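# Descriptive structure summary
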Amino acid sequence: MEQTMRRIGVLTSGGDAPGMNAAIRAVVRAAVHHGVECVGIRRGFTGLINSDFIVMDAASVSGISRRGGTMLYSARSDEFRTEAGQEKAVATCKMLCLDGIVGIGGDGTFRGLHDLAQRGIAVVGIPGTIDNDISCSTYTIGYDTACNTALDAIDKLRDTMQSHERCSVVEVMGHNAGHLALNVGMGCGATTVLIPEKKIDLDRDVIEPIREARLVGRTHFMVIVAEGVGDTYEIAQRIKETTALDVRVTVLGHVQRGGAPTSRDRVAATYMGYNAVRLLLEGKTDRVVCVQNDDYVDYDITEALRMKKGIDEQAYKLLRELASVTIIPRSSSGS
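Residues numbered from 1 in each chain as written. Predicted model: local features only at pLDDT ≥ 70, side-chain atom pairs only at ≥ 80, totals over all residues. Heavy atoms only, no water.

## Some points on helix H5 (residues 143-164)
The end-to-end C-alpha separation of H5 is 32 Å, in line with the 32 Å expected for 22 residues at 1.5 Å each. Listing the buried residues of H5 in full gives Tyr143, Asp144, Thr145, Ala146, Cys147, Ala150, Leu151, Ile154, Arg158 and Met161. If you follow the buried residues of H5, they end up packed against strand E6 (167-172), helix H6 (179-188), strand E8 (221-226) and helix H9 (263-281). One or two steps after H5, the chain reaches Glu165, where phi turns positive at roughly 55°. (Helix = DSSP H or I, 4+ residues; strand = E, 2+ residues; numbered from the N terminus. Expected span 1.5 Å × (residues − 1). Buried < 20%, exposed > 50% of the residue type's maximum accessible area, 1.4 Å probe, protein only. Contact = heavy atoms within 4.5 Å.)

## As for the pairing of strand E11 (residues 295-300)
The sheet contact formed by strand E10 (residues 287-292) and E11 spans six bridges and is antiparallel. Pairing of Val291 across the sheet is with Tyr296, part of E11. Linking two consecutive strands that pair antiparallel, namely E10 and E11, is a turn of two residues; a positive phi of about 55° is found at Asn293 within it. (Pairing = 2+ DSSP bridges.)

## Notes on the packing of aromatic side chains
A full pass over the atoms with the stated rule returns three aromatic pairs. Consider the rings of Phe45 and Phe80, whose centres lie 4.3 Å apart with planes at 20°: the pair is stacked. On the criterion of sequence distance, the pair formed by Phe45 in helix H2 (residues 44-50) and Phe80 in the loop between strand E3 (53-56) and helix H3 (83-95) is long-range, its members being 35 residues apart. Ring centres of Tyr271 and Tyr296 lie 4.9 Å apart, and the angle between their planes is 15°; this geometry places the pair in the stacked category. Here Tyr271, found in helix H9, pairs with Tyr296, found in strand E11; they are 25 residues apart in sequence, far enough to count as distant. (Phe/Tyr/Trp six-rings, centres within 6.5 Å; stacked < 30°, edge-to-face > 60°.)

## Comments concerning a nonpolar patch on the surface
A cluster of nonpolar residues, Met186, Leu318 and Leu322, forms a patch on the protein surface that exposes about 260 Å² of accessible area. With respect to the element layout, Leu318 can be found in helix H11 (residues 313-323). (Patch = residues over 30% accessible without salt bridge, like charges linked within 9 Å, V, L, I, M, F, W, Y side chains within 5 Å. Areas by Shrake-Rupley, 256 points an atom, 1.4 Å probe, with all protein chains shown as cover. Salt bridge = Lys/Arg side-chain N within 4 Å of Asp/Glu carboxyl O.)

## Some remarks on the sheet that holds strand E1 (residues 7-12)
In spatial order, the strands read E3-E2-E1-E4-E5-E10-E11; together these seven strands make up an open sheet with mixed pairing. Of all strands in the sheet, those bounded by a partner on one side alone are E3 and E11. Going across the sheet, the axis of each strand differs from the next one's by a mean of 25°, ignoring polarity. Relative to strand E4 (residues 100-105), E1 is paired through five bridges, and the arrangement is parallel. What sits directly across from Ile8, in E4, is Gly100. (Axes fitted to C-alpha atoms, helices over the stretch in contact; angles between N-to-C directions.)

## With respect to the sheet that holds E6
Spatially, four strands are ordered E7-E8-E6-E9 in an open sheet, and the strand pairing comes out parallel. Pairing within the sheet leaves two strands with one partner each, and these edge strands are strand E7 (192-194) and strand E9 (247-251). Direction aside, neighbouring strands of the sheet carry axes that sit 20° apart on average. Where E6 and E8 come together, six bridges link them in parallel fashion. Paired with Val170 across the bridge in E8 is Ile224.

## Some points on the environment of Asn132
By secondary structure assignment, the location of Asn132 is in the loop between strand E5 (122-127) and H5. C-alpha separation for the pair Asn132 and Gly178, spaced 46 residues apart in sequence, amounts to 9.0 Å. Reaching out from Asn132, the side chain makes a polar contact with the backbone oxygen of Thr138 at a distance of 3.5 Å. Only 3.1 Å separates the side chain of Asn132 from the backbone nitrogen of Thr140, close enough to count as a polar contact. (Polar contact = N/O pair within 3.5 Å; in protein donor to acceptor, adjacent residues only side chain to side chain.)

## Here's the deal with the state of the cysteines
In total, this model carries zero disulfides according to the counting rule given. Looking at the unpaired Cys97, the closest cysteine sulfur is the one in Cys93, lying at 11 Å. Of the residues examined, Cys97 reaches a relative accessible area of 46% and is grouped as partly exposed. The thiol sulfur of Cys188 is not disulfide-bonded, and the nearest other cysteine sulfur, from Cys147, lies at 11 Å. According to the relative accessible area criterion, Cys188 is buried, its value standing at 9%. (Disulfide = S-S within 2.5 Å.)

## What about unusual backbone geometry?
A positive phi angle, near 65°, is found at Ala244, a position not held by glycine. Mapping Ala244 onto the fold places it in the loop between helix H8 (232-243) and E9. Although it is not a glycine, Asp286 sits at a positive phi angle of roughly 60°. Since its relative accessible area comes to 9%, Asp286 is described here as buried.

## Some remarks on the packing of H5 against H6
The N-to-C vectors of H5 and H6 enclose an angle of 45°; their axes lie 9 Å apart at closest approach. Taken as axis vectors, H5 and H6 run oblique relative to one another. The chirality of how H5 crosses H6 is right-handed. For the pair H5 and H6, the contacting residues are Tyr143, Ala146, Cys147, Ala150, Leu151, Ile154 and Arg158 in the first and His179, Leu180, Asn183, Val184, Gly187 and Cys188 in the second. (Parallel < 35°, antiparallel > 145°, perpendicular 65-115°, else oblique. Left-handed = near helix turned anticlockwise from the far one by under 90°.)

Written out as C-alpha cells, the structure is:
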C-alpha cells in the first residue's frame, strides 16, 4: 500500500443504522494497524463545520461492535449544503491536518463527501442504511438487523392477532424503497405487502387476497405496508369497511433502527471499514465501498449516485404466489 495518509477522520451522517459502530471500529483499527492516526468527527457534517471531534485509538473502539446506533452521533446539516458551510468544513480538515475522511451513511452522505472531494479532500463512503436503498450496493449496513427487529415484533403481534381473529396492518420503514417491507413480508408469511415501487390497487392487492383467504377458512391476516406507500391508517380503515374485520394498525417506526447488530451487519461493516481505509492508503478518493455478488468492490461516487436500484421482482412474485395458495382447513373431528 502507498503510505500517503498520516491522519484520517471518520464520521456518520443521516439516519443511524445498526452496524455503524462496527464500521467505525474497523476504520479506526485498520488505520492504527497501518500507523495512521484517526479522528472521530461527531454529529456528521455539522461536526465537521463546528470542529466537534475526538481523537480515537484502538482502545476507544473496544467492544463497540455489539452496540446499536453510532458512538459518533449523527445529524443532517443544511449548512453543509451551502458554499460557506463547505468552506468551514474544509477549514476544519486543514486545521486537524486530515489527509482523508471516511463517511458512513446514505446517498446524502455520499453527496457531501463528493463535495469535499471537489475541494481537495480525499474521501471514501460506506453505505449504512436500514432501507438497503443504495443503488451501487446489493447490501447496506443495518438492513439485516432492521429486518430481524421487525420480524421479532411481527411474530409477537401474530400471537395476539390469532387469538382475536384480527387483521393486523403493520407499517415498516422505507420512504422510497420497499426492500425492507418485501423482505419482512416474505419472512413473516404476510397476506400481502404494499411497497412504493408497485402501483397499489387496494381492491386487487389487499381486499381480494383477504377475501380469498377467508373463503378457505383463514381467520387472521397480516398486511405489511412500507411507510412510503401512503396513509397506513386509511388503508386499514378501507380494509375494515370492506371486510368487516377487526383491523389494528401497528407502526414499528424507529424501533427498527435500534438494537444490537446481527452477525451479518457486524461482518459486512468490518469488511467495508477496512476496505475504506485501504482505498485511502492506496491514494484513491471519491469512492464508495460496495457489495456486489458477495464481493467487496468500489465505485466512483458520481457513478454510484447515477445508478438505479429496482425491487427484487422474483421475490415479489414469489411472495404473491405463496400467499395465494389455497389452504384447506383440517377437520376438527376425531376418529
